[in-house]
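# Structural characterization, general
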Amino acid sequence: MITGGNRMQKPSELELKILSVLWNNGPCTVRAVLGLLPDGKQRAYTTILSTMQVMEKKGFLSHSRDGAAHVFTPALERDAIMRPMMGDLMRNVFSGKPSAVLQCLLDEASVDKSELTEIRRLIREYSKQLNKE
């Protein structure tokens, strides 16, 4: 999240999708982002371009030039944006309980064996860290 004065700016849903494309794929042109958006909705090139220009003004993105093309890069790491948003969600919707968040995710997502194995691995790692403290 970005601080503007005393106000925290959160990315919009479309801005989060654009950030996700860039976090997952690295620096991209507007056309590449348009083709990689995860929801499959048809959007105009100009819609994505103007959104990304606004995101740059907000401090979410930066760009460089590659010939005539602008190549955009996230200005912040995923955790810098997602941790505060997830914390707010957990406090405001799930009474501050991580277990309630996890239960909701498990109920809503298709969790295959490999994903469940990864979740268990993350919990084991976290437990080890708690035991060291």
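Structure report, in brief. On a predicted model such as this, the values are computed, not experimentally measured, just so you know. (Residues numbered from 1 in each chain as written. Predicted model: local features only at pLDDT ≥ 70, side-chain atom pairs only at ≥ 80, totals over all residues. Heavy atoms only, no water.)

Attention now moves to the nonpolar core. Counting 18 residues, the largest nonpolar core has I18, L22, V33, I48, M52 and L61 as the members making the most contacts within it. Taken together, the elements giving at least two residues each to this core come down to α1 (13–25), α2 (30–36), α3 (45–58) and α4 (78–93). With six residues, α1 is the largest single contributor of residues to this core. Sequence-distant contacts of I18, defined by excluding residues within four places in its chain, comprise V33, L37, I48, T51, M52 and M55. (Core = buried A, V, L, I, M, F, W, Y, C linked by side-chain atoms within 4.5 Å. Buried < 20%, exposed > 50% of the residue type's maximum accessible area, 1.4 Å probe, protein only. Helix = DSSP H or I, 4+ residues; strand = E, 2+ residues; numbered from the N terminus. Contact = heavy atoms within 4.5 Å.)

It is worth spelling out the layout of surface pockets at this point. Its volume calculated, the largest pocket comes out at about 890 Å³. Residue lining of the largest pocket: 19 residues in total, with P98, V101, L102, L105 and L122 positioned closest to the centre. For the lining of the largest pocket, the secondary structure elements donating two or more residues are α4, α5 (98–108) and α6 (113–132). Tallied by class, residues from the lining of the largest pocket come to 14 nonpolar, two polar and three charged. (1 Å grid on protein atoms, 1.4 Å probe; cavity = no way out; pocket = protein on both sides within 12 Å on 5 of 7 lines; lining within 4 Å. Points joined across faces, edges and corners; volume = space filled by probe spheres on them. Nonpolar A, V, L, I, M, F, W, Y, C, P; charged D, E, K, R; others polar.)

Before going further, it helps to spend a moment on the sheet that holds strand β3 (residues 28–29). Spatially, β3-β5-β4 is the arrangement adopted by the three strands of the open sheet, whose pairing is antiparallel. The open sheet has two edge strands, β3 and β4 (61–66), and neither has a second partner. Here β3 pairs with strand β5 (residues 69–74) via two bridges, running antiparallel. Within β5, the residue paired with T29 across the bridge is V71. In the packing of α1 onto the sheet, contacts are made with β3, β4 and β5, and the angle to β5 comes to roughly 90 degrees. Seen against the sheet, α3 touches β4 and β5 and runs at an angle of roughly 120 degrees to β4. (Pairing = 2+ DSSP bridges. Axes fitted to C-alpha atoms, helices over the stretch in contact; angles between N-to-C directions.)

On to the packing of α1 against α3. For any two helices packed against each other, the geometry comes down to the angle between their axes and how far apart the axes lie. Orientation of α1 relative to α3, taken along the N-to-C sense of each, is 85 degrees, at an axis distance of 11 Å. The pairing of α1 with α3 is recorded here as roughly perpendicular in orientation. Seen from α1, the contacting residues are L14, E15, I18, L19 and L22; seen from α3, they are I48, T51, M52, V54, M55 and K58. For the contact of α1 with α3, a count of residues per class yields eight nonpolar, one polar and two charged. (Parallel < 35°, antiparallel > 145°, perpendicular 65-115°, else oblique.)

So, on to a positive patch on the surface. Where like charges cluster on the molecular surface, the positive patch consists of R120, R124, K128 and K132. Here K128 shows up in helix α6. Given a relative accessible area of 56%, K128 falls into the exposed group. (Patch = residues over 30% accessible without salt bridge, like charges linked within 9 Å, V, L, I, M, F, W, Y side chains within 5 Å. Areas by Shrake-Rupley, 256 points an atom, 1.4 Å probe, with all protein chains shown as cover. Salt bridge = Lys/Arg side-chain N within 4 Å of Asp/Glu carboxyl O. Lys, Arg positive; Asp, Glu negative; His and termini not counted. Charge placed at Lys NZ, Arg CZ, Asp CG, Glu CD.)

This part takes up the packing of α1 against α4. Look at α1 against α4: their axes get within 11 Å of each other, and the N-to-C directions meet at 140 degrees. The orientation of α1 relative to α4 falls into the category oblique. In terms of crossing hand, the pair formed by α1 and α4 is left-handed. Facing L16, L19, S20, W23 and N24 of α1, the residues of α4 in contact are R78, I81, M82 and M85. (Left-handed = near helix turned anticlockwise from the far one by under 90°.)

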